[in-house]
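Each chain, letter by letter, is given below.
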Amino acid sequence: MNAKTYKQSLLDALYAPYRHCTMCPLGTMGRTQVVFGEGNPDADILFIGEGPGASEDEQGRPFVGRSGKLLTKTLEGLGVARAEVFITNIVKCRPPENRQPTHQEAQICTSLFLFNQTKIIRPTIICTLGATALRSLLGDDIKISKTRGTTLSWDGYPLVPTYHPAYILRNATELPTFVQDLALVIELSK
Ligand code: SF4
Ligand code: URA
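Now for a look at the structure at hand. (Residues numbered from 1 in each chain as written. Chains lettered and ligands numbered in written order. Predicted model: local features only at pLDDT ≥ 70, side-chain atom pairs only at ≥ 80, totals over all residues. Heavy atoms only, no water.)

### Concerning the site of ligand 2
Filter applied, for reference: Distances are taken per atom, and a residue is near a molecule or strand as soon as one of its heavy atoms is within 4 Å of it. Between N or O atoms, a polar contact is any pair within 3.5 Å; within protein, one atom must be a potential hydrogen donor and the other a potential acceptor, and residues adjacent in sequence are included only when both atoms are from side chains. Per-residue and other accessible areas follow the Shrake-Rupley method at a 1.4 Å probe size, with only the shown protein chains counted as cover for residues.
Every residue near ligand 2 is listed here: Gly-49, Glu-50, Gly-51, Glu-56, Pro-62, Phe-63, Asn-89 and His-164. Between ligand 2 and Gly-51 there is a distance of 3.0 Å, counted from a nitrogen atom to a backbone nitrogen or oxygen. Measuring from a nitrogen atom of ligand 2, one finds a side-chain N or O atom of Asn-89 at 2.8 Å. Starting from 240 Å² of accessible surface for ligand 2 in isolation, the protein chains cover 91%.

Shown next, in the form of structure tokens:
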């Protein structure tokens, strides 16, 4: 069995008991399915967003709505296919009205899934998308405006924060910065 197949089997085993997870409040607040994440289980780059939105909740896949299309297109523009990377979120269930996940929800869900996904994938680099993902991993005091595009460290992994693609959709002038940050992430993954 190659590394990719082996890691995928570990991820499948991690998810299997939790298809209908109710370990945090988001499990009973209207989500239709748990969105664990997708991509190359042996990826060099791990992207972490905030949580599923309406399209993701419907399709059971991360970053498939407008934000996801921007992320996918930007990666492709930099020569990286979406299937090469792994994409997931801090919480795996859609929060009601797309509100931010609470500290408790983020803490419960990351200890069940994200921390274990990271241990299985063992990426070369992590990229957080938006303030919620960054703060959930590195603490509430950390400012995305000050740290985006720099290399921080989390759990022994280099971590580059950048903006959430939804923010770029509302603030088109920041697109070049987003592209630049993703280019850095790709460079550091090599
Ligand atoms: Fe379980 Fe995470 Fe969904 Fe909460 S957000 S119910 S911990 S899968
Ligand atoms: N926004 C996120 O943070 N995650 C998704 O999967 C989609 C939109």
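This is not the end of the story, as more comes after the structure.
### Observations concerning the pairing of strand E6 (residues 157–162)
Test applied: Residue burial is assigned from relative accessible area. The probe radius is 1.4 Å, only protein chains are included, and a residue is buried under 20% of its type maximum, exposed over 50%, and partly exposed in between. Put simply, DSSP marks the helices as runs of H or I at least four residues long and the strands as runs of E at least two long, and each gets a number from the N terminus on. Between any two strands, pairing holds if DSSP finds at least two bridges.
Counting buried residues along E6, five of its six residues qualify, which places the element largely inside the surrounding structure. Note: strand E4 (residues 125–129) against E6, four bridges, orientation parallel. Residue pairing across strands places Cys-127 opposite Val-160, the latter belonging to E6. Here strand E5 (residues 152–154) pairs with E6 via three bridges, running antiparallel. Directly across from Ser-153, in E6, lies its bridge partner Pro-158. As consecutive antiparallel partners, E5 and E6 are separated by two residues, and within that stretch Asp-155 has a phi angle of approximately 55°, a positive value.

### Some remarks on a nonpolar patch on the surface
Just so we agree on the cut-off: Residues enter patches when they are more than 30% accessible in relative terms and free of salt bridges; like-charged ones are connected within 9 Å and nonpolar ones (Val, Leu, Ile, Met, Phe, Trp, Tyr) within 5 Å. We define a salt bridge as a contact between a side-chain nitrogen of Lys or Arg and a carboxyl oxygen of Asp or Glu at a distance within 4 Å.
A cluster of nonpolar side chains, namely Met-1, Tyr-6 and Leu-10, defines an oily patch on the protein surface of about 360 Å² accessible area. Its location among the elements puts Met-1 in the segment before helix H1 (3–15).

### Things to note about the nonpolar core
For clarity, the threshold we go by: Nonpolar core, defined: a set of buried Ala, Val, Leu, Ile, Met, Phe, Trp, Tyr and Cys residues in which side-chain atoms within 4.5 Å join the residues together. Any two residues whose heavy atoms approach within 4.5 Å are treated as being in contact.
In this structure, Phe-47, Ile-48, Leu-71, Leu-75 and Ile-90 are the most contacted members of the largest nonpolar core, which totals 50 residues. The leading source of residues in this core is helix H4 (residues 103–121), at seven residues. For Ile-90, the contacting residues outside a window of four places in its chain are Ile-48, Gly-49, Glu-50, Ala-106, Cys-109, Thr-110, Leu-114, Ala-133, Ser-136 and Leu-137.

### Some points on helix H8 (residues 175–188)
As a reminder, the rule being used: By this rule, a helix spans an expected 1.5 Å times one less than how many residues it contains.
For H8, with 14 residues, the first-to-last C-alpha span of 20 Å sits near the 20 Å given by 1.5 Å per residue. Residues of H8 that are buried include every one of Thr-177, Phe-178, Asp-181, Leu-182, Val-185 and Ile-186, and no others.

### Regarding the sheet that holds E6
The line we're drawing: Lines fitted to C-alpha atoms define the axes, with helix axes restricted to the stretch in contact, and inter-axis angles between N-to-C directions lie between 0 and 180 degrees.
If you walk across this open sheet you meet the six strands as E1-E3-E2-E4-E6-E5, and the pairing is mixed. Of all the strands in the sheet, just strand E1 (38–39) and E5 have a single pairing partner and so form its edges. On top of the sheet, H4 reaches strand E2 (45–49), strand E3 (86–89), E4, E5 and E6; it is set at about 165° to E3, its chief contact. Those strands touched by H8 are E2, E4 and E6, and its axis lies near 170° from that of E6.

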